[in-house]
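In case you want the letters, here they are:
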Amino acid sequence: MLKFFAARAARRQAHHDHQVSCTSLCCARPGARVCVTEICGCELEAAKLRDLGVREGAVVSLMAHGNPVLVRVDGARIGISECAAENVQCEYLPDAK
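Residues numbered from 1 in each chain as written. Predicted model: local features only at pLDDT ≥ 70, side-chain atom pairs only at ≥ 80, totals over all residues. Heavy atoms only, no water.

**Brief notes about the nonpolar core**
Then comes step 1: In this structure, Leu25, Leu49, Val54, Val60, Val71 and Ile80 are the most contacted members of the largest nonpolar core, which totals 22 residues.
Then comes step 2: Secondary structure elements with two or more residues in this core: β1 (33–39), α2 (43–52), β2 (59–64), β3 (69–73), β4 (76–80), α3 (82–86) and β5 (88–92).
Then comes step 3: Once you skip the residues sitting within four places of it in the chain, valine 60 turns out to touch Leu25, Ala32, Arg33, Val34, Val36, Val71, Arg72 and Val73. (Core = buried A, V, L, I, M, F, W, Y, C linked by side-chain atoms within 4.5 Å. Buried < 20%, exposed > 50% of the residue type's maximum accessible area, 1.4 Å probe, protein only. Helix = DSSP H or I, 4+ residues; strand = E, 2+ residues; numbered from the N terminus. Contact = heavy atoms within 4.5 Å.)

**Re the side chain of serine 24**
Then comes step 1: Locating serine 24 in the fold gives a position in the loop between α1 (2–21) and β1.
Then comes step 2: Only 3.0 Å separates the side chain of serine 24 from the side chain of glutamine 89, close enough to count as a polar contact. (Polar contact = N/O pair within 3.5 Å; in protein donor to acceptor, adjacent residues only side chain to side chain.)

**What about unusual backbone geometry?**
Keep in mind that most residues, glycine aside, have a negative phi and that most peptide bonds are trans.
Then comes step 1: The amide bond that connects asparagine 67 to the next residue, proline 68, takes the cis arrangement and shows omega of 20 degrees.
Then comes step 2: Note that proline 68 resides in the loop between β2 and β3.
Then comes step 3: Phi at aspartate 74 is positive, roughly 50 degrees, even though this residue is not glycine.
Then comes step 4: Relative to the assigned elements, aspartate 74 resides in the loop between β3 and β4.

**Quick word on the environment of glutamine 89**
Then comes step 1: Within the element layout of this structure, glutamine 89 appears in strand β5.
Then comes step 2: Considered as a pair, glutamine 89 and leucine 25 are 64 residues apart in the sequence and their alpha carbons are 6.3 Å apart.
Then comes step 3: Residues in contact with glutamine 89, not counting those within four places in the same chain, are Thr23, Ser24, Cys35, Val36, Thr37, Glu38 and Cys40.

**Considering the sheet that holds β3**
Then comes step 1: Strand order in this open sheet of five strands is β4-β3-β2-β1-β5, and the pairing throughout is antiparallel. On the outer flanks of this sheet lie β4 and β5, each paired with one strand and no other. Across the sheet, the mean angle separating the axes of adjacent strands is 45 degrees when strand polarity is ignored.
Then comes step 2: Where β1 meets β2, three bridges bridge the pair, whose relative direction is antiparallel. Each residue of the ladder has a partner; that of cysteine 35, found in β2, is valine 59. (Pairing = 2+ DSSP bridges. Axes fitted to C-alpha atoms, helices over the stretch in contact; angles between N-to-C directions.)

As structure tokens, then:
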């Protein structure tokens, strides 16, 4: 039982460390508009994301965190697994006023 809690604490710490320096779609703040700069990970998963419109240069609005992560891209609302969203590198866009 102690191993379980130690492993869970390690995962939480790793995720926290990941969020501090992350520019992945999975860690963007809800409501943010981001521009996709790179899609990492396996080529099959990257191809599926590109088919959905999540491709380099696309503007994506993060709607909600969870599993799946809900985003709006090209006028469509889609859900992306958290694992796939970790592989989508992005930059925040300035808020339009």
